[in-house]
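Examination of the molecular architecture
Letter by letter, the chains look like this.
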Protein chains: 2
Amino acid sequence: MSKPLRIIVDHREPEKLKKRLIKLGMEVEEQQLDIADYIVSDQVACERKTGTDLITSLMDNRLFEQIDRLIETYEQPFLLLEDLSSAFERTEWKKRKKHVYGALTYIFLRRQVPVIPTCQMSETAIALNRIASWVQEDHDDPIIARKSPKARSLRDNQLFFLQGLHNTGLKKAKILIDKFESPIEVLNAILDSNVIYTKTGNPKGVEGTFKNLEGFGPKYLLKNQELLRLSDKNSQ
Amino acid sequence: MSKPLRIIVDHREPEKLKKRLIKLGMEVEEQQLDIADYIVSDQVACERKTGTDLITSLMDNRLFEQIDRLIETYEQPFLLLEDLSSAFERTEWKKRKKHVYGALTYIFLRRQVPVIPTCQMSETAIALNRIASWVQEDHDDPIIARKSPKARSLRDNQLFFLQGLHNTGLKKAKILIDKFESPIEVLNAILDSNVIYTKTGNPKGVEGTFKNLEGFGPKYLLKNQELLRLSDKNSQ
DNA sequence: CTGTAATCTTTATGA
DNA sequence: TCATAAAGATTACAG
């Protein structure tokens with residue numbers, strides 16, 4: 001197990017919720033917070049509201065003010081909306097659905113603050129835990145991991161490998177490997193090709209092995225040369 | 001009263017919901033939609049999911065595929081999450097709250113797709129109505145463009161590419177690119193390394209750049225040299 | 001998405 | 001050198 005997930009909690013938040021977070025193995029630090037209820041990192045923080053809270057803060061015009069301060073302070077703020085249905089249980093509020101969803105629409109369209117709904121307090125704790133996990137643990141790299149089946153033929157593995165190239169699916173991979181025999185020769189051919197530019201500096205065509213190969217134009221070559229050759233430091 | 005609010009609805013969506021929208025005074029156009037359930041404008045569209053839908057589409061890996069298509073197609077996509085609590089009513093799903101909130105976290109943190117929760121179908125109609133109102137009627141405040149999820153960086157693409165190697169996941173890909181700077185240098189290093197055998201012919205160790213690199217042994221090198229170098233004809 | 005099991009590979013250890 | 005066990009990653013699958 002690695003380091004525990006940490007979270008800073010406003011001291012006015014319910015004790016029960018803090019207990020839940022601790023029970024989930026988190027390190028809870030209590031503070032007096034002015035602009036948020038929970039802080040997951042210097043960039044990620046949220047305001048927690050129950051359905052009832054939402055209505056009341058909507059009625060005394062406190063809601064949008066709070067949201068705005070959240071936006072100003074944190075790069076990635078969000079709203080934890082716990083038990084939305086509680087907003088409608090009192091009969092005198094039943095007619096207010098239009099207001100509530102108008103407010104949510106405003107929050108999402110105009111303010112671009114994401115909302116995470118939960119059904120009850122225990123789930124709010126789980127949600128906070130998952131968010132902390134994504135923010136603090138090594139999920140950081142937004143990689144769509146590639147899963148490569150293991151027991152396949154050499155050719156299948158080579159085709160799979162080449163599909164990691166930019167703009168390359170099964171079809172192009174097949175063309176490439178049929179023409180150049182082995183993957184490394186494919187890559188060398190890509191690197192050895194040159195793009196011809198017009199006088200005005202626009203890519204015009206290619207010279208080298210790819211000259212007469214349909215579907216592999218200047219853009220394809222440039223993109224993949226970059227992919228293969230560039231070290232990350234130079235770019236960015 | 002100005003022009004009625006318009007909305008395009010996928011024909012597979014529940015009849016009851018369409019009726020609700022009409023009752024709210026909206027002009028409902030039915031179509032067969034491939035990538036969204038409701039379209040409010042060419043930029044604004046959403047996928048509607050009940051809690052139950054969320055779980056099922058999570059289990060058969062359909063959820064993120066749908067979300068991704070939504071992102072690619074519309075400037076401002078969002079997710080209408082109706083009756084989240086229904087996700088937990090089946091007892092076998094009770095234990096799976098972590099999955100649900102993990103998914104929601106992923107959707108909002110990594111994909112930057114907003115979620116609008118509603119408690120029941122009638123409220124979903126109201127929410128759609130409010131959103132259409134914001135989008136189609138004149139508001140003083142313009143809609144703020146969604147900050148799209150950060151495009152895959154060069155490094156991400158390179159990591160993705162290297163994961164096409166044999167027995168190489170994210171972890172090894174990171175180690176390789178950090179050490180060798182660019183993908184082509186990684187591959188060259190693999191090809192330049194040699195395996196040392198014992199007198200009896202068993203692989204013992206490696207020489208070359210990989211000599212002191214933990215986690216990359218003889219078998220790794222042999223397998224990947226084969227992957228890169230062999231033309232399919234020689235093998236099989 | 002999350003969790004767990006199965007698989008593969010390297011590395012450490014002792015004979 | 002060999003054999004085996006322990007540790008680490010990656011892949012597969014189920015819910």
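Our structure is the block above this text.
Sequence order as written defines the numbering, with residues in each chain counted from 1. Naming scheme: in the order in which they are written, chains are lettered from A and ligands are numbered from 1. Selection of residues for local features in this predicted model requires a pLDDT of at least 70, selection of side-chain atom pairs for listing and counting requires 80 or more, and totals for whole chains, interfaces and linings are taken over all residues. The side-chain numbers reported here are obtained from all heavy atoms of the structure, hydrogens and water having been left aside.

A count of helices and strands for chain A gives 9 helices and 8 strands. Rg of the C-alpha trace for chain A: 27 Å, well past the compact-globule value of 18 Å for 236 residues, more than 25% over. C-alpha extents for chain A along the principal axes are approximately 75 × 45 × 35 Å. Within chain A, the proportion of its 236 residues that are buried is 52%. We call two residues contacting when some pair of their heavy atoms lies within 4.5 Å. Nonlocal contacts in chain A, meaning residues at least 24 apart in sequence, comprise 58% of its contacts between residues at least 6 apart. Where accessible areas are quoted, they stem from the Shrake-Rupley method and a 1.4 Å probe; at the residue level, only the protein chains shown are allowed to cover. For chain A, the accessible area works out to roughly 12100 Å², and carbon and sulfur atoms hold 48% of it. Working definition: helices are DSSP H or I runs of at least four residues, strands are E runs of at least two. Numbering for both runs from the N terminus. Each radius of gyration is computed over the set of C-alpha atoms, and the globule rule expresses the reference value as 2.2 Å times the number of residues to the power 0.38. In this scheme, a residue with accessible area under 20% of its type's maximum is buried, one over 50% is exposed, and one in between is partly exposed, where area comes from a 1.4 Å probe on protein chains only.

All names here are of chain B. In this description, strands pair whenever DSSP reports at least two bridges between them. Reading across from one edge, β2-β1-β3-β4-β5-β6 is the order of the 6 strands in this open sheet, with mixed pairing throughout. Of all the strands in the sheet, just β2 (27–31) and β6 (115–118) have a single pairing partner and so form its edges. Bridging between strand β1 (residues 6–10) and strand β3 (residues 38–39) involves 2 bridges; their strand directions are antiparallel. Residue pairing across strands places Ile 8 opposite Ile 39, the latter belonging to β3. Only the stretch in contact is used when a helix axis is fitted, and all axes are lines through C-alpha atoms; the angle between N-to-C directions ranges over 0 to 180 degrees. The strands touched by helix α3 (residues 63–73) within the sheet are β4 (44–50) and β5 (76–82), with β4 carrying the most contacts at an inclination of about 165 degrees. Strands in contact with helix α6 (residues 121–136) are β1, β3, β4, β5 and β6; relative to β5, the strand with the most contacts, it is inclined by about 160 degrees.

The next thing to look at is the pairing of strand β5 (residues 76–82) of chain A. All names here are of chain A. Here β5 lies mainly inside the structure; 7 of its 7 residues are buried. Burial along β5 is two-sided: the face carrying Gln 76, Phe 78, Leu 80 and Glu 82 and the face carrying Pro 77, Leu 79 and Leu 81 are both buried. As defined by bridge partners, β5 adjoins strand β6 (residues 115–118) across 4 bridges and the pair is classed as parallel. Across the sheet, the residue bridging to Leu 79 is Val 115, located in β6.

This brings us to the packing of helix α8 (residues 183–192) of chain A against helix α9 (residues 183–192) of chain B. As a packed pair, α8 of chain A and α9 of chain B sit with axes 12 Å apart at the nearest point and diverge in direction by 140 degrees. In terms of axis orientation, α8 of chain A runs oblique to α9 of chain B. In this structure, α8 of chain A meets α9 of chain B at a crossing whose hand is left-handed. The segment α8 of chain A lies against α9 of chain B, with Ile 184, Leu 187 and Leu 191 of chain A engaging Ile 184, Leu 187 and Leu 191 of chain B. By residue class, the composition of the contact of α8 of chain A with α9 of chain B is 6 nonpolar, no polar and no charged. We call two directions roughly parallel when the angle between them is under 35 degrees, roughly antiparallel when it is over 145, roughly perpendicular when it lies between 65 and 115, and oblique otherwise. Take the far helix as the reference: if the near one is turned anticlockwise from it by less than a right angle, the crossing is left-handed, and if turned clockwise, right-handed. Throughout, the ten residues Ala, Val, Leu, Ile, Met, Phe, Trp, Tyr, Cys and Pro are labelled nonpolar, Asp, Glu, Lys and Arg are labelled charged, and all others, Gly among them, are labelled polar.

Below, the discussion takes up the packing of aromatic side chains. Pairing of aromatic side chains requires ring centres within 6.5 Å, counting the rings of Phe and Tyr and the six-membered ring of Trp. Pairs whose planes differ by under 30 degrees are stacked, by over 60 edge-to-face, and all others tilted. If you walk through the whole model with that rule in mind, you get 15 aromatic pairs over all chains. Residues Phe 180 of chain B and Phe 210 of chain B carry aromatic rings whose centres are separated by 5.5 Å and whose planes lie at 40 degrees to one another, so their mutual orientation is tilted. Of this pair, Phe 180 of chain B sits in helix α8 (residues 170–180) while Phe 210 of chain B sits in the loop between β8 (203–207) and α10 (218–229), placing them 30 residues apart in sequence. A network of ring pairs unites the aromatic residues Phe 180, Phe 210, Phe 216 and Tyr 220 of chain A as a single cluster. For a ring to carry a charge above it, either NZ of a lysine or CZ of an arginine must fall within 6 Å of the ring centroid while also lying within 35 degrees of the normal to the ring plane. Sitting over the face of the ring of Phe 180 of chain A, Lys 179 of chain A holds its NZ or CZ atom 5.8 Å from the ring centroid. The cationic tip of Lys 172 of chain B hangs over the ring face of Phe 216 of chain B; the distance from NZ or CZ to the ring centre is 5.8 Å.

Here we take up empty space enclosed by the protein. Whether a set of points on the 1 Å grid over the protein atoms alone is a cavity depends on a 1.4 Å probe fitting there but being unable to get out, while an open set qualifies as a pocket with protein on both sides within 12 Å along at least five of seven lines; lining residues are those with an atom within 4 Å of a point. Grid points are joined across faces, edges and corners, and a volume is the space filled by probe spheres set on the points. Under the counting rule described, the total for this entry stands at 1 cavity of 30 Å³ or more. Space inside the largest cavity adds up to approximately 90 Å³. Across the lining of the largest cavity, the residue classes break down as 6 nonpolar, 2 polar and 2 charged.

Attention shifts here to the nonpolar core. If you look at soluble globular proteins, the nonpolar side chains tend to sit buried side by side. In terms of nonpolar packing, the biggest core is built from 46 residues, with Leu 165 and Phe 210 of chain A together with Leu 187 and Phe 210 of chain B touching the most fellow members. When contributions to this core are tallied by element, the ones reaching two or more residues are α6 (154–162), α7 (170–180), α8 and α9 (218–229) of chain A together with α7 (154–162), α8, α9 and α10 of chain B. Discounting chain neighbours no more than four positions away, the residues touching Phe 210 of chain B are Leu 176, Phe 180, Ala 189, Ile 190, Ser 193, Phe 216 and Leu 221 of chain B. Nonpolar core, defined: a set of buried Ala, Val, Leu, Ile, Met, Phe, Trp, Tyr and Cys residues in which side-chain atoms within 4.5 Å join the residues together. In this structure, Ile 131 of chain A together with Leu 63, Leu 84 and Val 100 of chain B belong to the second largest nonpolar core, which totals 44 residues.

What follows concerns the protein's contact with DNA strand C. We define proximity as follows: a residue is near a molecule or strand when any one of its heavy atoms falls within 4 Å of that partner. Among the 20 residues in the neighbourhood of DNA strand C, the closest are listed as Arg 130 of chain A together with Lys 98, Gly 215, Gly 217 and Tyr 220 of chain B. Counting only the atoms of DNA strand C within 4 Å of the protein, the fraction contributed by sugar and phosphate is 83%. Side-chain atoms alone can form a polar contact between residues adjacent in sequence; in general such a contact is a pair of N or O atoms within 3.5 Å, and within protein one must be able to donate a hydrogen while the other accepts it. The backbone of Gly 215 of chain B places a nitrogen or oxygen atom 2.8 Å from a phosphate oxygen of DNA strand C. Separating a phosphate oxygen of DNA strand C from a backbone N or O atom of Gly 217 of chain B is a distance of 2.7 Å.

All names here are of chain B. As a structural note, the neighbourhood of DNA strand D is formed by 16 residues, with Arg 96, His 99, Lys 171, Lys 172 and Thr 200 the closest of them. Taking the atoms of DNA strand D that fall within 4 Å of the protein, sugar and phosphate contribute 81% of them. Note that a base oxygen of DNA strand D is positioned 3.3 Å from one of the backbone N or O atoms of Met 59. Between a phosphate oxygen of DNA strand D and a main-chain N or O atom of Lys 172, the distance comes to 2.7 Å. At 3 residues, the largest contribution of residues to the surface near DNA strand D is made by α8. A breakdown of the residues in the surface near DNA strand D according to their chemical character gives 3 nonpolar, 8 polar and 5 charged.

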